[in-house]
Amino acid sequence: MYEFRVQVGPAAFRIGSAWKRPVNELAELYREYPTPDIADYSVRLEATSLIRRFIRPSVAINGDYILPDAAPLPLAQALLAAEMGMNLQMALGWRRHLLLHASAVEKDGKALIMTGASGSGKSTLSAMLGCKGWRFMGDEFVLLDLLTGAVVPFPRLISLKNTSIGAMQATALDGRFGPLLRDTPKGEIRHLVPARDAIRAMTQPAQPALLLFPSFGFESAVREIAPSEIFIRLTQASTNYVALGEAGFKTLTRFINTVPARAIDYRKGEEAEALVNQLWDDLS
Amino acid sequence: MVLLIQPLDAMTAIYHRRSGITHIVSEPVPQILHRMGGETLTSDEIVERLRVDFDFEEIDARSLITERMDEMAALGLLVRQHV
Amino acid sequence: MDDEKAAHDSGLNNVATRRRALMLGAIGASAIVSVRPALAQSAASVLNCEIPVPGPHGTGMNIDAYGQLVPRDTPGSFPTSGVKFTGEQVKAAMQGRSLPGTSYDESQAYVNYIRRLQSGQSGFTCYASLQITR
């Protein structure tokens, strides 16, 4: 077994792998991240059978938490398997913060949080804003402190899909990209390493100041959302709201009472950026 | 306190400590809880308390409120006592 | 007069106690949606609720491709009749099937309308509970 360890925000991961190549890829992409001594979670990339270690090698994602019946991935996508494995450990096991499926960026000590279904653009928008003066805090999970309500950074590799890949390659000219992965269950995927300042600031929280629900593919618009709709959507965007019980309820109600929210529609990244800047300026 | 109650807008979020479940409710559920004030009441008594503050024209108000209370009891937000 | 009593009840301070109309709902229509774990299976009962397109506030208007209410003669918009869809039908439409009796484009427009429903509008509770039972 080959091993790789990485600290991302408050979580320490250990990846064990039956093959050397994915561990090398991970070590290269995460080279500026701290290495923890002890891991919170273990992810294991395993062969589905002895033959499958060598012939048409196939990676099963195993670890402290697993999803039964998940289909294995080809070895060429082992990097994706490792990232999915880490997501799974967080989604199923993390209890120290309220977890939201959302992205976040920070400016002047305040955090902008973006949440929505797959395809809404939250991941790409956070990557884009991270190149335009904002500090990237995470594209997959937003962690909310249960006592203070602060947003805690979780800046893993940014997962770009399909058309976002080209868009970000044009925007992040100094960006460090992982290999292009084709024919994955979600189409083409390419990972982008967050900017150095984002990695260095991974222990610095920020107070949430604005919540956005982006929708990609609609004419540029800003809409208000009722608090009850925000509440319901956020409970569904959280994988551990129910498990956290009272702490989850208090954290979420505090969040809704203190953070303004809007739905934004956009057709191009520049439109979204303009709407974000307009709403952010309106806050002060 | 058995319930944590957070009004949102036309709907209210309620956390039920004993079950750990969050419910999102619309009228007249929060108003029923408020008017009961922790006491044990019949549905007629609750209808009368609601009439003090609110107007409702429904002829079958008692059936509607009883149905809401049945729903609340099924979820543990109210406890039914048999006399 | 009930304001003092209201002040004693923690968390209910914002519930209106002045005289106004109270909506009692309808027989068979649930007033409670319970939050389920995001990875859990759906509850069948919720799918019987209904969403009218458009709700009463949109009577006599058309719906554009983005789900917004527009005047009847707006080019490219879709006529409406207040027809009611069940939660189950809307859920299927959100996953790719068209709403019964509609073309693909019409269905998309209607679904966008439903997605934009705000609290207090007819059908919002039903749509909200669909979100919970995904």
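Described in the following lines is the structure provided in the data block. As the structure is a computational prediction, the values presented were derived from the model and not from experiment.

With respect to the overall build of chain B
In terms of regular secondary structure, chain B is built from three helices and four strands. Ordered by position from the N terminus, the helices and strands of chain B form the series β-β-β-α-α-β-α. By its C-alpha atoms, chain B is 35 × 35 × 20 Å across when sized along the principal axes. Taken over 83 residues, chain B has a buried fraction of 39%. Considering only intrachain contacts with a sequence separation of at least 6, the fraction spanning at least 24 residues in chain B is 28%.

Concerning the sheet that holds strand 3 (residues 21-26) of chain B
The four strands lie next to each other as 1(B)-2(B)-3(B)-2(C), forming an open sheet whose pairing is antiparallel. With partners counted over all chains shown, the strands left at the sheet margins are strand 1 (3-7) of chain B together with strand 2 (32-34) of chain C, one partner each. Ignoring which end each strand starts from, the neighbouring axes of this sheet average 25° apart. Of the pairings in the sheet, the one linking strand 3 of chain B to strand 2 of chain C comprises three bridges and is antiparallel in character. Note that in strand 2 of chain C the partner of V25(B) across the bridge is I32(C). Across the sheet, helix 1 (residues 29-36) of chain B lies against strand 1, strand 2 (11-16) and strand 3 of chain B together with strand 2 of chain C, angled at about 105° from strand 3 of chain B, the strand it touches most.

Some points on the packing of helix 1 (residues 20-29) of chain A against helix 2 (residues 78-93) of chain A
To describe two helices that pack against each other, one gives the angle between their axes and the distance between the axes. Residues and elements named next belong to chain A. Remark: helix 1 packs on helix 2, axes separated minimally by 9 Å, with the N-to-C direction vectors making an angle of 70°. Between helix 1 and helix 2, the angle is such that the two are roughly perpendicular. Judged by the sense of rotation from one axis to the other, the crossing of helix 1 with helix 2 is right-handed. Residues R21, P22, E25 and L26 of helix 1 form the contact with helix 2, whose own contacting residues are A78, L79 and A82.

Looking at the interface of chain C and chain B
One frequently used descriptor of interface size is the decrease in accessible area upon assembly of the parts. Contact residues are listed per partner, giving 25 residues for chain C and 35 residues for chain B. Going through the elements one at a time, strand 1 (20-21) and strand 2 of chain C are the ones with two or more residues in the side of chain C that touches chain B.

Some details on unusual backbone geometry
Looking along the chain, the bond that leaves E27(B) and enters P28(B) is cis, with omega of 0°. Looking at the element boundaries, P28(B) is found in the loop between strand 3 and helix 1. With an omega dihedral of -5°, the bond running from V53(C) to P54(C) counts as a cis peptide bond. Checked against the element boundaries, P54(C) lands in the loop between strand 3 (50-53) and strand 4 (62-63). Its identity as a non-glycine residue notwithstanding, R56(A) has a phi of 40°, on the positive side. You will see that D108(A), though not glycine, has its phi angle at about 55°, which is positive. Within the element layout of this structure, D108(A) appears in the loop between strand 6 (97-107) and strand 7 (110-115). Its 10 C-beta neighbours within 10 Å are what place D108(A) among the exposed residues.

A short note on the sheet that holds strand 13 (residues 187-192) of chain A
Residues and elements named next belong to chain A. One open sheet holds the three strands; their spatial order is 11-13-12, and the pairing between them is antiparallel. Across the chains shown, the open sheet's two edge strands, defined by having one partner strand only, are strand 11 (158-161) and strand 12 (181-184). Across the sheet, the mean angle separating the axes of adjacent strands is 35° when strand polarity is ignored. The sheet contact formed by strand 12 and strand 13 spans two bridges and is antiparallel. Paired with T184 across the two strands is G187, which belongs to strand 13. On top of the sheet, helix 3 (residues 122-130) reaches strand 11 and strand 13; it is set at about 120° to strand 11, its chief contact.

Criteria and thresholds
Residues numbered from 1 in each chain as written. Chains lettered and ligands numbered in written order. Predicted model: local features only at pLDDT ≥ 70, side-chain atom pairs only at ≥ 80, totals over all residues. Helix = DSSP H or I, 4+ residues; strand = E, 2+ residues; numbered from the N terminus. Buried ≥ 20, exposed ≤ 12 C-beta atoms within 10 Å, placed from the backbone. Contact = placed C-beta atoms within 7 Å. Pairing = 2+ DSSP bridges. Axes fitted to C-alpha atoms, helices over the stretch in contact; angles between N-to-C directions. Parallel < 35°, antiparallel > 145°, perpendicular 65-115°, else oblique. Left-handed = near helix turned anticlockwise from the far one by under 90°.

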